[in-house]
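Residues per chain are reported as follows:
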Number of protein chains: 2
Amino acid sequence: MAGEEPRIDPWGTLEVKDYKRLMEVFGIKPIETVFPLLEKAGMKPSVHMRRGIVFGHRDLDRVLEARARGERVAVLTGFMPSGRFHFGHKLTVDQLIYYQRNGFKVFVAIADAEASIVRRIPRREAVRIGVEEYIANMIALGLDPDKTEFYFQTARGTPYYRLAQLFAGKVTAAEMEAIYGDLSPAKIMAALTQAADILHVQLDEYGGYKYVVVPVGADQDPHLRLTRDLADRMGGIIELERPASTYHKMQRGLDGAKMSSSRPDSTIFLTDPLPEARRKLMRALTGGRATAEEQRRLGGVPEACTVYDMDMYHLMSDEELAKIYRDCRSGSILCGECKLIAWERMKALMEEHGSRLEEARKIAWSVVETPRF
Amino acid sequence: MAGEEPRIDPWGTLEVKDYKRLMEVFGIKPIETVFPLLEKAGMKPSVHMRRGIVFGHRDLDRVLEARARGERVAVLTGFMPSGRFHFGHKLTVDQLIYYQRNGFKVFVAIADAEASIVRRIPRREAVRIGVEEYIANMIALGLDPDKTEFYFQTARGTPYYRLAQLFAGKVTAAEMEAIYGDLSPAKIMAALTQAADILHVQLDEYGGYKYVVVPVGADQDPHLRLTRDLADRMGGIIELERPASTYHKMQRGLDGAKMSSSRPDSTIFLTDPLPEARRKLMRALTGGRATAEEQRRLGGVPEACTVYDMDMYHLMSDEELAKIYRDCRSGSILCGECKLIAWERMKALMEEHGSRLEEARKIAWSVVETPRF
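As for the overall build of chain A
- Within chain A, the regular secondary structure consists of 16 helices and seven strands.
- Computed over its C-alpha atoms, the radius of gyration of chain A comes to 21 Å, within 12% of the 21 Å expected for a compact globule of 373 residues.
- With respect to the three principal axes, the spread of C-alpha positions in chain A is 70 × 40 × 40 Å.
- Every one of the 373 residues in chain A was classed for burial, and the buried ones make up 56%.
- Intrachain contacts of chain A at a sequence separation of at least 6 include 79% that bridge at least 24 residues.
- For chain A, the exposed surface amounts to about 15200 Å²; the carbon and sulfur share of it is 50%.
- Distance between charge centroids for chain A: 1 Å, based on 54 positive and 53 negative side chains.

Given below as structure tokens:
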């Protein structure tokens, strides 16, 4: 079977099947629809867009048109400062870097308000994690701190808080309940603060960025819809544009379930000691068959393989990935060997990251204003 | 019957009957319990304390002891900037002036956040009312703007907002529901903001006033209890003292029901044209009998008289009030005549207020920072 062309394409694990409803019901458009506009704006699709990991968008066309007209544009995301920085986070940071290198201003919220009031993470710990884990790793990955505005939610200033306060008058308990389940004052405050994160950069005080894209996992769309509604409802008080958004598929954990810091074997942290990272990768769930013989005969199933996910999300060029895909499907490579190839790539990546991280940690505290309390 | 001593004292309308449960169940103490401490702190009971209008307190003893030790003390209240300034508001302002003249720092919150998100009063209107109605009238009544910190909730700055945000993590939906009824994000935000009003003056940024008394109507106690609980629960994050509070009886409206801006005939606004004010007072509900003959025979009932309330809350000295009480009870004065006496006092008060108000309005905008949005 060697050399036989695969019947489905190498990005097949990421077919937009599961996300169809989201796209049909809520008007999210396939990411390919902006490819001509990207070109017009002097950009190329990102690797994640090409691979369908970033599969959909809402209003990204408006942002790209603005950029093509020469207007200032921005990208914004937020991280909850809990646990350690892992490859799931890297997916988002890679997207930020992509936009940054294409002239977008980058805003990164450290959601320490949410961490402390909803998750009850001690304040000082949330700040330390925010700086030493999140900001440091982002810089080490290549996000340029000179062109990035990192901020703690709890140190963002009056106009930002004011937005959250005003939003409180523009949404009902029922609307919030539909998104956040059983409500508590903490959840409501966190949700309103998150909406302020997305919209406040439009205020003059924060640069007046009217065209903002927010890259999120597909499960985050309800928050985005609420934020869009809030932008609309502020009319007459402050004119706010709706934020654009892109949607990516969440990388599965190494056990095939959800990737989560709370199950350390489900993911690899970028600061894992190499032997630890290797151990996790070697134990990862693959799309291999029950026996070597069977696999040589039938080929593996990369679509079911979390190592293949890692290759596709983080480790390989298009060419390398296409080769692995063919070799797996054809049965010419077995899982052990394939994992070793992935590990070589990951080891190199982590080693380089480790040395950059050392430098990044030296400056991380200086690139962000830390909260008073 | 002339000259006969009244069977009950002239402040009888304000017997602590209705408030007994509040005092027993929630540990509010009779205001008389602080009279010795007032003396120790070099103060005398206010006229409202003497008359039992301010009938109870919680922890005022701690504030007075602090003042006697030479520590800085403060008094704080808030006004919703809706409608016009009337004699009901004056009751609270008179208390502020009493504390101010006794060396307390005064903070006055203009609750424009609540006005806009809960009551949906247009932003600009809330600001205008806050300055031209509330602040101007307070200054005209004698509150010294140089010793008063007036502020709009929506222009108060980061540490203040931060408190409200943190409080969100320290209270459950059930606790809030018990106080505020059906919850909405707007109500929750307003309640947390109100708690921040009371507690934020303890922060260094706002002067670090640890001993604060909040004069409120008896119906406001649930808010105070919540605020005390929040202060306790912040331990480990920020050390906050529980606020002290005093409780006053709400002045009834001129129709005997609740005094309210929304029923203009229930109260007299300090800016009412004199003929208008006179008309309202002349039509006010009294404790008179069905006929003049009956009243001469049985005497009137000052306890049921809203004109007598006005005399007691605002218009008369102790001696004058005692005389009116005797004359009414004895039947030696009828309601028409009594109203005219009250009107003479009120007319003088309003004329003087009117001329002071003209001056006060000239400076009102300059004594407060107005919100950006």
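Considerations on the relation of the copies chain A and chain B
- Between chain A and chain B, which share one sequence, the superposing operator has a rotation angle of 180 degrees and an axial displacement of 0.0 Å; the RMSD is 0.0 Å. Taken together, these values place the two copies in the relation of a two-fold axis. Minimal C-alpha distance to the rotation axis in chain A is attained by Thr158(A), lying at 2.6 Å.
- When the interface residues of chain A are mapped onto chain B, 100% of them again lie at the interface, so the same face is used by both copies.

Regarding the sheet that holds strand E5 (residues 148-152) of chain B
Residues and elements named next belong to chain B.
- In space, the seven strands of this open sheet follow the order E1-E2-E7-E6-E3-E4-E5, with mixed pairing throughout. Edge positions in the sheet fall to strand E1 (29-30) and E5, since each of these pairs with one other strand and no more.
- As paired strands, strand E3 (residues 73-79) and strand E4 (residues 105-110) are joined by six bridges and run parallel to one another. The residue of E4 that forms the bridge with Thr 77 is Val 108.
- Packed onto the sheet, helix H7 (residues 123-141) meets E3, E4 and E5 and runs at close to 165 degrees relative to E5.

Considering the domain arrangement of chain A
All names here are of chain A.
- Each domain of chain A was delimited in the assignment, giving domain 1 (20-248) and domain 2 (264-355).
- Of note, the centres of domain 1 and domain 2, computed from C-alpha atoms alone, are 31 Å apart.
- Facing the 16 residues of domain 1 at the interface are 19 residues of domain 2.
- Summed over both sides, the interface between domain 1 and domain 2 buries roughly 1500 Å², with carbon and sulfur atoms accounting for 57% of that surface.
- Among the residues of domain 1 in contact with domain 2, Arg 51, Arg 84 and Phe 87 are the three that bury the most area, contributing 50% of the side total.
- Along the contact surface separating domain 1 from domain 2 lie three salt bridges.

As for the sheet that holds strand E7 (residues 244-248) of chain A
All names here are of chain A.
- Read across the open sheet, the seven strands follow the order E1-E2-E7-E6-E3-E4-E5; overall the sheet is mixed. Strand pairing shows two members of the sheet lacking a second neighbour, strand E1 (29-30) and strand E5 (148-152), which therefore form its edges.
- In this structure, strand E6 (residues 211-217) lies alongside E7, joined through five bridges in parallel fashion. Pairing of Val 214 across the sheet is with Ser 245, part of E7.
- Sheet strands in contact with helix H5 (residues 87-101) are strand E2 (54-58), strand E3 (73-79), strand E4 (105-110), E5, E6 and E7, and its direction is about 165 degrees off that of E3.

Observations regarding the interface of chain A and chain B
- On the chain B side, the residues contacting the 36 residues of chain A number 36 residues.
- Both sides of the chain A and chain B interface together cover about 2900 Å² of buried area, and 66% of this is carbon and sulfur.
- The largest per-residue losses of area from chain A upon contact with chain B belong to Gln165(A), Pro185(A) and Phe373(A), which jointly make up 25% of the total buried on that side.
- On inspection of chain A and its partner chain B, the count reaches two salt bridges.
- The partner of Glu205(A) in a salt bridge is Arg372(B), with the nearest N and O atoms 2.5 Å apart.
- Along the contact surface separating chain A from chain B lie 15 residue pairs in polar contact (both at pLDDT 80 or more).
- In terms of residues, the side of chain A that touches chain B owes the most to one element, helix H8 (residues 158-167) of chain A, which gives eight residues.
- Here the residues of the side of chain A that touches chain B are counted per class, giving 21 nonpolar, nine polar and six charged.

Here we look at the pairing of E6(A)
Residue and element names in this part refer to chain A.
- Counted residue by residue, E6 has seven buried out of seven residues, so it is predominantly covered.
- Here E6 shows two buried faces, one formed by Tyr 211, Val 213, Pro 215 and Gly 217 and the other by Val 212, Val 214 and Val 216.
- As judged from the three bridges shared by E3 and E6, these two strands associate in the parallel manner. Paired with Ala 74 across the bridge in E6 is Val 212.

Quick look at the packing of aromatic side chains
- Inspection of every chain in the model, using the stated rule, returns 17 aromatic pairs over all chains.
- Ring geometry for Tyr308(A) and Tyr325(A): centres 5.8 Å apart, planes at 55 degrees, overall tilted. Taken as a pair, Tyr308(A) in helix H14 (residues 306-315) and Tyr325(A) in helix H15 (residues 318-330) lie far apart in primary sequence, 17 residues in all. In terms of burial, Tyr308(A) and Tyr325(A) fall into one category: buried.
- With 6.0 Å between their ring centres and 75 degrees between their planes, Tyr151(B) and Tyr160(B) make a pair best called edge-to-face. Note on accessibility: Tyr151(B) and Tyr160(B) belong to one class, buried.
- Chaining the aromatic ring pairs together yields one cluster made of Tyr151(A), Tyr160(A), Tyr161(A), Tyr151(B), Tyr160(B) and Tyr161(B).
- We note Arg156(A) situated over the ring of Tyr151(A); from NZ or CZ to the ring centre the distance is 4.0 Å.
- Looking at Arg72(B), its charged tip hangs above the ring of Tyr209(B), at a distance of 4.4 Å from the centre.

A closer look at the packing of H14(A) against helix H16 (residues 335-364) of chain A
Residue and element names in this part refer to chain A.
- Between H14 and H16, the shortest axis-to-axis distance is 10 Å and the interhelical angle comes to 35 degrees. In the crossing of H14 with H16, the sense of the turn from one axis to the other is left-handed. Contacts from Val 307, Met 310, Asp 311, His 314 and Leu 315 in H14 reach Lys 339, Ala 342, Arg 345, Met 346 and Leu 349 in H16.

Considering the side chain of Gln165(A)
- Tracing the chain through its elements places Gln165(A) in helix H8.
- If sequence neighbours within four positions are ignored, Gln165(A) has contacts with Ala113(B), Ile117(B), Thr154(B), Tyr161(B), Met189(B) and Thr193(B).

Let's talk about the side chain of Asp59(B)
- Within the element layout of this structure, Asp59(B) appears in the loop between strand E2 (54-58) and helix H4 (60-68).
- Residue classification places Asp59(B) among the buried residues on the basis of a relative accessible area of 19%.

So, how was this worked out
Residues numbered from 1 in each chain as written. Chains lettered and ligands numbered in written order. Predicted model: local features only at pLDDT ≥ 70, side-chain atom pairs only at ≥ 80, totals over all residues. Heavy atoms only, no water. Helix = DSSP H or I, 4+ residues; strand = E, 2+ residues; numbered from the N terminus. Rg over C-alpha atoms; globule rule 2.2 N^0.38 Å. Buried < 20%, exposed > 50% of the residue type's maximum accessible area, 1.4 Å probe, protein only. Contact = heavy atoms within 4.5 Å. Areas by Shrake-Rupley, 256 points an atom, 1.4 Å probe, with all protein chains shown as cover. Lys, Arg positive; Asp, Glu negative; His and termini not counted. Charge placed at Lys NZ, Arg CZ, Asp CG, Glu CD. Least-squares fit on C-alpha atoms with pLDDT ≥ 70 in both. Pairing = 2+ DSSP bridges. Axes fitted to C-alpha atoms, helices over the stretch in contact; angles between N-to-C directions. Domains from an automatic or database assignment. Buried area = accessible area lost by both parts, 1.4 Å probe. Salt bridge = Lys/Arg side-chain N within 4 Å of Asp/Glu carboxyl O. Polar contact = N/O pair within 3.5 Å; in protein donor to acceptor, adjacent residues only side chain to side chain. Nonpolar A, V, L, I, M, F, W, Y, C, P; charged D, E, K, R; others polar. Phe/Tyr/Trp six-rings, centres within 6.5 Å; stacked < 30°, edge-to-face > 60°. Lys NZ or Arg CZ within 6 Å of the ring centre and 35° of its normal. Left-handed = near helix turned anticlockwise from the far one by under 90°.

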